[in-house]
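Survey of secondary and tertiary structure
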Amino acid sequence: LHDVGKMVLWRQLGGEYRELYHAAKKSGRPLHEAEREKFGFDHADVIGALAAVWNLPDSLRLAMLYHHDAPGRDLEHAKSPRLAALVRIANAAAHDDWAGSGKDPEKLLSCAEPSWNIIEGAEHHSSPIARYATLSEFLTDIEKVPALAWA
């Protein structure tokens, strides 16, 4: 759900958003930064607003709103900092290149994501290698899912 705002922007802004989306992808610039620069808001703001309209719990709404590290989106201010941290790590993992650099935990954004500090607690900080081991369990499960017929 955290990226539904992209679909809303794609649908509502049409070609203007598609151009921004493809330009950000081509340049390697984070999409949420390009959105903020051009529109003054990003796709996380959109899903945050939709979640409020849909009467979703604040813990879920804020986890989606905070899925990128951006000004004013400190995880400690989320209703459920651990849930928001998990969504941020999952977002980073979804963007990581698991097939290419995925064998090197030091190169994966999800393994370096500071959100792990909230998940693990201040007294315990695991290494990127330990974080990789945790995340790779999920990757193994995902690889077992049959390919969809339309994919």
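Everything here concerns the structure above.
Every chain begins its residue count from 1, and numbering advances along the sequence as written. Totals for whole chains, interfaces and linings use every residue, but because this is a predicted model, local features are given only for residues with pLDDT of at least 70 and side-chain atom pairs only at 80 or more, for both listing and counting. Side-chain metrics in this entry use all non-hydrogen atoms of the structure; hydrogen atoms and water are not considered.

Time to look at the side chain of Glu113. Relative to the helices and strands, Glu113 resides in the loop between α7 (109-112) and α8 (116-120). The buried label goes to any residue with under 20% of its type's maximum accessible area, the exposed label to any with over 50%, and the partly exposed label to all in between, with areas taken from a 1.4 Å probe on protein chains only. All tallies of charge rest on Lys and Arg as positive and Asp and Glu as negative; His and the ends of each chain are not included. Every case where a carboxyl oxygen of Asp or Glu lies within 4 Å of a side-chain nitrogen of Lys or Arg is listed as a salt bridge. At 4.4 Å, Arg88 is the nearest oppositely charged side chain to Glu113, a buried residue that forms no salt bridge. The term polar contact refers here to a pair of N or O atoms within 3.5 Å; inside protein, the definition further demands a hydrogen-donor-capable atom paired with an acceptor-capable atom, and it admits residues adjacent in sequence only when both atoms are side-chain atoms. A polar contact is formed between the side chain of Glu113 and the side chain of Ser115, at a distance of 2.8 Å. Here a residue-residue contact requires only that any non-hydrogen atoms of the pair lie within 4.5 Å. Apart from the residues within four sequence positions on either side, Glu113 is in contact with Arg88, Ile89 and Arg131. Numbering goes from the N terminus for both helices and strands, where a helix is a DSSP run of H or I of at least four residues and a strand is a run of E of at least two.

So, on to the pattern of salt bridges. Following the criterion strictly, the structure yields ten salt bridges and no others. A salt bridge links Asp42 to Arg36, with the nearest nitrogen and oxygen atoms 3.3 Å apart. Accessibility expressed as a relative area gives 0% for Asp42, which makes it buried. A relative accessible area of 28% means that Arg36 is categorised as partly exposed. Asp45 is the salt-bridge partner of Arg73, the closest N and O atoms lying 2.4 Å from each other. In this pair, Arg73 is assigned in the loop between α5 (58-65) and α6 (81-95) and Asp45 in helix α4 (residues 43-53), connecting sequence segments 28 residues apart. The class of Asp45 is partly exposed, set by a relative accessible area of 25%. Salt bridges sharing partners connect three or more residues here, namely Arg36, Asp42, Asp45 and Arg73.

Further remarks concern the side chain of His32. In this fold, His32 is placed in helix α3 (residues 31-39). For His32, a relative accessible area of 8% gives the class buried. Engagement of the side chain of His32 in a polar contact is seen with the side chain of His68, the distance being 3.3 Å. Residues in contact with His32, not counting those within four places in the same chain, are Asp42, His43, His68 and Asp69.

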